[in-house]
Amino acid sequence: MSRLMYKAKCVLTVAFCAFVLLFIAYFTPMSVRYLEGFLPMSRCPQAPAEKLKLGNSIDASLDLWSRGDVQTCTDWGAPVIWDGMFDPDHYDQEHRKNHSSVSLTVFAVGRYLDAYLKAFLLSAERHFMEALPVTYYVFTDVPERVPDIHLGPGRSLKIVRVQRHSRWQDISMMRMRAIADAIESRIRHHSHYVFCFDVDQVFVGRFGSEALGDSVALLHAYYYHRPQSLYAYERNPRSRAYMETGDFYYHAAVFGGSWRTVKNMTETCYQTIMKDKENQVEALWHDESHLNKYLWIHKPSKVLSPEYCWDRNIGYRGDIHVVRLLWSEKKYGTLRVTELL
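Residues numbered from 1 in each chain as written. Predicted model: local features only at pLDDT ≥ 70, side-chain atom pairs only at ≥ 80, totals over all residues. Heavy atoms only, no water.

- The name given to the protein chain in an unreviewed UniProt entry is Alpha-1,3-galactosyltransferase 2-like, with the source organism recorded as Oncorhynchus tshawytscha.
- UniProt's Sequence similarities (unreviewed entry) comment on the protein chain is quoted here verbatim: "Belongs to the glycosyltransferase 6 family."
- For the protein chain, the Subcellular location (unreviewed entry) comment in UniProt is given as "Membrane". (UniProt positions renumbered as here; feature names shortened; annotations may be inferred.)

Dropping the structure here:
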């Protein structure tokens, strides 16, 4: 009897360990992210076949009902741009007719320049606003190391020297002031639109004129299927970025709009960041937390789907038909240093 009990105990122990191992293996972050993809998004609140009330805007041509699997507009009437909703040629023709021009800002400070900038710029030449004049503004502390990139017709590159801070968090937050200053001193004189990007990503598909608007935000690829209670809003009431609720969780790796709107956006975020510093508070996700607060108060006129900034580590998602901008491999262990090198 004791031998049988011993064998039974061994079998139960093995079975329990196998269950625990299977549970851990199944519910890895990748598995959880895969399961999140089955959580339904909200749907566009417009009546079936109804167009957005956008006046003479080019966006009035958007087909909101071509994508029944995702949310194609917001509660306040802004479109959410997904593949299949727009005619790329129509957008390009209309923006060329309107003589639209775009400035792209990107920060490449410290080791980030050598690690990412060349690939970012080369891919932008292939895929970013191909039909329109584009000026690249590279903000860096080492102008002499900016790579010499062959640019196409109507494209130019300008270098803006910035101070290098000892902490990457400060670099991230202080870019808001640098962008606002560049818009006031340079960009507003020759560009209608401004797009701001993180450097550690590459364009892999069309990122075109359909993305232009007065105020443009991006759905964060890691949050767009999650319930709002799991959004990474700033929860410290002492911070100016504090939010109890919101609309979406936006990714600060991509934002843009008209030069006036982006100037106001970046100036406001800089001011709230500095208020936090005066109160010895730092938002959990730094400038992204402040950007989310701004976009909750000042609703964007256009929202980009996660196609416009995707991470393949998320795994398969049936609603991602194309990828336009892709996260590069993160090298934070070697790039995010606490001391100047």
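Back to the write-up after that little detour.
### Re the state of the cysteines
Logical step 1: By the definition in use, this model includes one disulfide.
Logical step 2: The disulfide partner of C44 is C73, and the gap between their sulfur atoms is 1.9 Å. For the disulfide bridge between C44 and C73, the dihedral angle about the S-S bond is near 85 degrees, and by the sign convention the bridge is right-handed. Here C73 lies in the loop between α2 (29-36) and β1 (80-81) and C44 lies in the loop between α2 and β1, a separation of 29 residues in the sequence. The same class applies to C44 and to C73, which are both buried. (Disulfide = S-S within 2.5 Å. Helix = DSSP H or I, 4+ residues; strand = E, 2+ residues; numbered from the N terminus. Buried < 20%, exposed > 50% of the residue type's maximum accessible area, 1.4 Å probe, protein only.)

### Notes on the confidence of the model for the protein chain
Note: predicted coordinates in regions of low pLDDT should not be interpreted at a detailed level.
Logical step 1: Mean pLDDT over the protein chain: 88, with 84% of residues reaching 70 or higher.
Logical step 2: This model gives residues 17-26 a pLDDT under 50, and the stretch forms three contacts once residues within four places in sequence are excluded.
Logical step 3: Under a pLDDT of 50 for its full length, residues 337-341 has, in the predicted model, nine contacts with residues more than four places off or in other chains. (pLDDT = per-residue confidence, 0-100. Contact = heavy atoms within 4.5 Å.)

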